[in-house]
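Notes for the structure review
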Amino acid sequence: MSSSARLPFKHFLLALAVVAIWGSNFVVIRLGLNALPPLLFATLRFSFAVLPAIFFLKKPDLPWRNLASYGLLIGVGQFGLLFLAMRSNISPGLASLVIQTQVFFTLMLSMRLNKEGVQGYQWLALLLAASGIGLIASHTDGSATPLGLVMILAAAFSWACANMLGKKAGRVNMLAYMVWTSVFAVPPLLALSLIVEGPTAMAAGLARADATTWAAVLWQAVGNTLFGYAAWGWLLARHAPATVVPMALLVPVFGMSTAALVLGESLPAWKLIAAGLVLSGLALNLLWPLRPWRVRAVH
């Protein structure tokens, strides 16, 4: 692993490409949802992530329980809820912002498992982010409903739980890990789609699907999942997490700006203030441990 505190320029561009894909992905989700029911869309997303890649990638040397649990949490918990919420309960830009609360959920779970106390700066970071979420909840212009916020927060918590499983898995081939865990996302998503949305709505959605819809599905599977996670894992294997992870702060920036440019999503002052509060909380949580005076004190 590189000991450099900075990413080489080519690696920086790769990280920037990943966060740009992850951020703009929320607009792609919205485009796919114009034709497909949410749970069917999620089913197709993970199906294309599995096939045909699974025939070329060896199963990671991990217990089936880890693979199945991760697949359920990411497939049903994170993206199932995310797609359902984005159908009519939250805008793409706000969804890209609120789901980043997974950082705080991950922190809380990690501290609980390791029996560590919460530091003062972490409470402040949580307060800033919570203030931003509260500001979003206080507005009723249709950008987000209370149900939408709850669903996105639940999706963020599922993502955080999956992060714990991913950490427990250790250093594995992240591309193979994503493909093999996706196997366990498909059956429950398909079953839920049949039960909740029904065969008639599923068939109607497939009939409405055009080139843009299928491009959205492929972008989800190939761009967001296979390329995004594989490239991110490649970077983390070569650099300290503290050098790479702060780049994820740009995901909501790309998400909100892309939603404004492509979908015409409005960016009133309250939404920018809410974004500033949430991003300030995330930045404080991620960057405070890297503060220069702490580094000098260690040396």
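Read on for an overview of the structure. Note that the coordinates shown come from a computational prediction; the quantities given were computed from them, not determined experimentally.

**Focus on the overall build of the protein chain**
- When helices and strands are counted, the protein chain shows 14 helices and 0 strands.
- Overall, the protein chain shows an N-to-C arrangement of helices and strands of α-α-α-α-α-α-α-α-α-α-α-α-α-α.
- Across the 299 residues that make up the protein chain, the buried fraction comes to 50%.
- Expressed as a percentage of contacts within the protein chain between residues at least 6 apart in sequence, the contacts between residues at least 24 apart total 89%.
- Entry remark: accessible area of the protein chain is about 14000 Å², with carbon and sulfur atoms responsible for 70%.

**Structural notes on the side chain of Thr-181**
- Along the chain, Thr-181 falls in helix 8 (residues 174–182).
- Excluding residues within four positions of it along the chain, Thr-181 makes contact with Leu-67, Tyr-70 and Gly-71.

**A closer look at the packing of helix 3 (residues 64–88) against helix 9 (residues 186–208)**
- Where helix 3 meets helix 9, the closest approach of the two axes is 8 Å, and the angle between their N-to-C directions is 40°. Regarding the angle of helix 3 to helix 9, the classification is oblique. Contacts from Leu-72, Gly-75, Val-76 and Gly-80 of helix 3 reach helix 9 at Pro-188, Leu-189 and Leu-192.
- In terms of residue class, the contact of helix 3 with helix 9 is built from 5 nonpolar, 2 polar and no charged.

**Brief notes about the packing of helix 3 against helix 8**
- Helix 8 packs onto helix 3 with a crossing angle of 75° between their chain directions and a minimal axis gap of 8 Å. Between helix 3 and helix 8, the angle is such that the two are roughly perpendicular. On the side of helix 3, the interface is formed by Trp-64, Asn-66, Leu-67, Tyr-70 and Gly-71, while helix 8 contributes Tyr-177, Met-178, Trp-180 and Thr-181.
- Considered class by class, the residues forming the contact of helix 3 with helix 8 number 6 nonpolar, 3 polar and no charged.

**Regarding a nonpolar patch on the surface**
- Taken together, the side chains of Phe-48, Leu-206, Trp-214, Leu-218 and Val-222 define a hydrophobic patch exposed on the protein surface, amounting to about 400 Å² of accessible area.
- Considering every element that reaches the nonpolar patch, the biggest residue donor is helix 10 (residues 211–238), with 3 residues.
- Among the secondary structure elements, Leu-218 is positioned in helix 10.
- The class for Leu-218 is partly exposed, based on a relative accessible area of 40%.

**Observations regarding helix 9**
- The end-to-end C-alpha distance of helix 9, which contains 23 residues, comes to just 22 Å, noticeably less than the 33 Å that a straight helix rising 1.5 Å per residue would cover.
- At Glu-197, helix 9 is bent by approximately 95°, the largest bend along its length, and proline Pro-199 sits one to four residues beyond.
- When helix 9 is considered as a whole, its buried residues turn out to be Val-186, Leu-189, Ser-193, Glu-197, Gly-198, Met-202 and Gly-205.
- Those residues of helix 9 that are buried lie in contact with helix 2 (38–50), helix 3 and helix 8.

Conventions and cut-offs
Residues numbered from 1 in each chain as written. Predicted model: local features only at pLDDT ≥ 70, side-chain atom pairs only at ≥ 80, totals over all residues. Heavy atoms only, no water. Helix = DSSP H or I, 4+ residues; strand = E, 2+ residues; numbered from the N terminus. Buried < 20%, exposed > 50% of the residue type's maximum accessible area, 1.4 Å probe, protein only. Contact = heavy atoms within 4.5 Å. Areas by Shrake-Rupley, 256 points an atom, 1.4 Å probe, with all protein chains shown as cover. Axes fitted to C-alpha atoms, helices over the stretch in contact; angles between N-to-C directions. Parallel < 35°, antiparallel > 145°, perpendicular 65-115°, else oblique. Nonpolar A, V, L, I, M, F, W, Y, C, P; charged D, E, K, R; others polar. Patch = residues over 30% accessible without salt bridge, like charges linked within 9 Å, V, L, I, M, F, W, Y side chains within 5 Å. Salt bridge = Lys/Arg side-chain N within 4 Å of Asp/Glu carboxyl O. Expected span 1.5 Å × (residues − 1). Bend = angle between axes of the 7 residues up to and from the residue.

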